[in-house]
Amino acid sequence: MNQLPGNIWMISPMLLSGIVGIELLVSSFVSHIRISSEAEQKKREKKENSGVQGKAVVALKKETEEKPESLLHLLVGVTLFISALLVLAIVWWGNVDMTLFYLMDEIPIYFHVDALGRLFVTVTSIIWPAVGVYSFVYMKHEGEEKRFFGFFLLVYAVVLSLEFAGNLVTFYFFYEMMTLASMPLVLHNETKEAIMAALKYLFYSMCGAYCALFGIYFLNRYCYTLRFVAGGTLNMTLVSENSLVLQIAVLLLIIGFGTKAGMLPFHSWLTAAHPVAPAPASAALSSIIVKGGVLAVIRSIYYVVGPEFLRGTWIQTVWMILTLLTVFMGSLLAYREKVFKKRLAYSTVSQVSYILFGLATLHPTAMTGSLLHFVYHACIKCALFLTAGIFIFRTGKTRAEEYTGIGKQMPITLWCYTFASLALIGIPPMSGFISKWYLAQGALQADIGIFRILGPVVLLLSALLTAGYLLPITLKGFFPGKGFPEAAQKEPIDRMAAALLVLAVLAVLLGILPNPLIGYAGEIAASVY
C-alpha cells in the first residue's frame, strides 16, 4: 500500500479548515460580547430615545465588520483553496490510511482512501471553494459573515473526514458531527421560520441516524469487520441462523441513512430547510450534505453488508418502492410549488432518489449511473441554487412567477440556469442524460421483476415533470411577451457570476466528455460485485 510520508498529512486539510473555522466562530462570539457591552455603555451615556441601543449595535457592527471584511475573505479563500489542493494531492497520491485513536480495542477511528472516497472527496473539493467564493458577495446580503464562514469551514472539515472514513464507526461519528455542524447554516438569519426548520432538520437527521445506529449494532455482531471492504464482510455462517433479524436491521439502516438523502417518508426536513437558509448554504446542503446519506447507504450496503445479502429479498423490494415513490412525488411536488428555492428543494428530493434507485437495483450498470448522477447532480443543483441566490440578491423576489422578463436584466445568470436545467432534465448531450441512460439500462438488465419496466417509466415521467418546473422560468425570463421590463443596469460579472459560470460549464462539459468519469465509476461498481 502506498503511503504518504508521515500519515498525519492525511488529516491536514481537515485540521486546517477546522481550526480556522473554530477561530472565526470564537472571534464572532467575542465580537458579539464586545458589541453588546459597548452598546450598553453608550445607552447609559446617551438616553436620548428608546432606539439608542439598537442604533448603537448597528453602528458598532458596521464599524467592526466593514474594516476587516477583505481580510476575512482572504483568510477564508486561502484556507479553502489550500485545503482543497491538499485534499486532491493526498487522495490522488495512492491508497493512504491512518488510525487516529481507538474508541475500543477493536474499533479505531480510522481513515482510508479508496476509489469511492476519492470520487466523493474530489467533487466536494471542487464544489466547496466555488460556493465559498460565491458567498463573499452574497453574505453581504445576509450579514453575520464571520459566523457563517466559521461554520462553513467547519462543515467542510467534517465532510472531508466523513468521506475519508475507513470503517462504519468512524463514518457514523462524523455523520452525526455533520448534522450538528451544518444546522447553524440553516438557522443563520435567526427568524422563527429558520429556527423551526433547523430544529426539524436536527430532529429528522438524529432520528434517522439512531435507526442506522441500531443497524450498526447488529452488523458489528454479524460481520468479520466494520472496515469498508468492496463486496461486504458478512459472516454468512452467523447470518444463516438469524437472517430475518439482520434483514430488519439492514432495512432500518437504509431508511435511517436515507433520511439524510431526502427519501420518503422522511423528506420534509429538506423542503423546510432550503427556503430559509442562505443560498450558499442551500447549495452546499443540496449538492454535498444530502449526499452524505447516499455515501452512507453505499458504504453500508456495498462495503459492509454486501449486495448479495439483499438480492431478491423483500428488503430490496421495499427499498425500490420507496425510491421510485420519492422520485415521482418529489418531481410532482416541485411542479406544483411556486416558491423558487422550495421548488428546487423538492427537485433535490426527487433527483437524489434517482441515485438511490440505481443502488437499490443491485446491478453494476445502474450503480455506475448512480455514481455518475451523484457527480452531475452536485454540479447542476449547486448551479441552480446559486442562480436562485442571485435572483434573490438582485431583485429580492422569491417566487418563480416573479422572474418574468428577468433575462433582460440578467442574461448571463439565466443562460447558466438554462444550461443547468437542460442537464438536470437529461437533454443530450448534457451530463444528466448520461447518468439517466445508465440508470435506465441498469434497471432493464437487472433481475428485479416488474421494476425492470416500472423504474425507467418513473424516471421518464420525472424527467418530463422536471422540464415542466424548470423550463418555464427560462421561457418567461427570455420571452415574457407584453410588459417586457427594461434592464435597469448591465449585469455585473462578480464572484457570484464567476462561481455560477464555472459550475454551468462543468455541467455541460461532463456530458460532452463523459468517458473518463464513466470508466472510473464503472470500475468502482465492478469492484463490489
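A quick note: this is a predicted structure, and the numbers were derived from the prediction, not measured.

(A) The environment of Pro280, seen in detail. Summarising the element assignment, Pro280 is placed in helix α11 (residues 279-289). On the accessibility criterion, Pro280 (0% relative accessible area) is buried. Placed 146 residues apart in sequence, Pro280 and Tyr134 show a C-alpha to C-alpha distance of 7.3 Å. Every residue in contact with Pro280, bar those within four places of it in the chain, is listed here: Val131, Tyr134, Ser135, Tyr138, Met139 and Phe148.

(B) Layout of the pattern of salt bridges. All chains considered together, the criterion is met by five salt bridges. A salt bridge links Arg311 to Glu308, with the shortest nitrogen-to-oxygen separation between them at 2.9 Å. Where Arg399 meets Glu401, a salt bridge forms, and the shortest distance between an N and an O atom there is 2.7 Å. Among the residues examined, Glu401 registers a relative accessible area of 40% and is labelled partly exposed.

(C) Structural view of the pairing of strand β2 (residues 107-112). Taken across its six residues, β2 has six buried, putting it largely inside the fold. Burial of β2 is two-sided: the residues Ile107, Ile109 and Phe111 facing one way and the residues Pro108, Tyr110 and His112 facing the other way are all buried. Relative to β2, strand β1 (residues 97-104) runs antiparallel, the two being bridged by six bridges. Counted as the bridge partner of Thr99 is Tyr110 from β2. What sits between the antiparallel neighbours β1 and β2 is a turn of two residues.

(D) Structural context of the nonpolar core. Counting residues in hydrophobic clusters, the biggest one holds 184 residues, and the most contacted among them are Leu219, Ile298, Leu310, Trp319 and Leu359. Looking at this core element by element, the count peaks at 18 residues for helix α16 (residues 364-395). With residues up to four places along the chain from it excluded, the contact list for Leu310 reads Val250, Ile254, Ile301, Val305, Ile315, Gln316, Trp319 and Leu362.

(E) Quick peek at the packing of aromatic side chains. All told, the structure shown has 27 aromatic pairs when counted by the stated rule. Aromatic rings pair up to connect Trp128, Phe136, Phe148, Phe149, Phe152 and Tyr156 into one cluster. Against the face of Tyr175 rests Lys260, its NZ or CZ located 5.6 Å from the ring centre. The aromatic ring of Tyr303 is capped on one face by Arg299, whose charged end is 4.9 Å from the ring centroid.

(F) Quick look at the state of the cysteines. Tallying each qualifying case throughout the model produces zero disulfides. Of the cysteine sulfurs around Cys207, a residue in no disulfide, the closest is that of Cys211, at 7.2 Å. Cys207 gets classed as partly exposed once you look at its relative accessible area, which sits at 34%. Here Cys379 stays free of any disulfide, with the sulfur of Cys382 as its closest cysteine sulfur at 7.8 Å.

(G) Representation of helix α10 (residues 268-276) in the model. Most of α10 is tucked away: seven of the nine residues are buried. Within α10, burial applies to Ser268, Trp269, Leu270, Thr271, Ala273, His274 and Val276. As for α10, its buried residues are in contact with α6 (168-186), α7 (192-222), α9 (243-260), α11, α15 (340-360) and α16.

(H) Quick peek at the side chain of Thr418. Position of Thr418 among the secondary structure elements: in helix α18 (residues 411-425). Residue Thr418 is classed as buried on the basis of its relative accessible area of 8%. Residue contacts for Thr418: discarding those within four places in its chain leaves Thr474 and Phe478.

Cut-offs applied
- Residues numbered from 1 in each chain as written.
- Predicted model: local features only at pLDDT ≥ 70, side-chain atom pairs only at ≥ 80, totals over all residues.
- Heavy atoms only, no water.
- Helix = DSSP H or I, 4+ residues; strand = E, 2+ residues; numbered from the N terminus.
- Buried < 20%, exposed > 50% of the residue type's maximum accessible area, 1.4 Å probe, protein only.
- Contact = heavy atoms within 4.5 Å.
- Salt bridge = Lys/Arg side-chain N within 4 Å of Asp/Glu carboxyl O.
- Pairing = 2+ DSSP bridges.
- Core = buried A, V, L, I, M, F, W, Y, C linked by side-chain atoms within 4.5 Å.
- Phe/Tyr/Trp six-rings, centres within 6.5 Å; stacked < 30°, edge-to-face > 60°.
- Lys NZ or Arg CZ within 6 Å of the ring centre and 35° of its normal.
- Disulfide = S-S within 2.5 Å.

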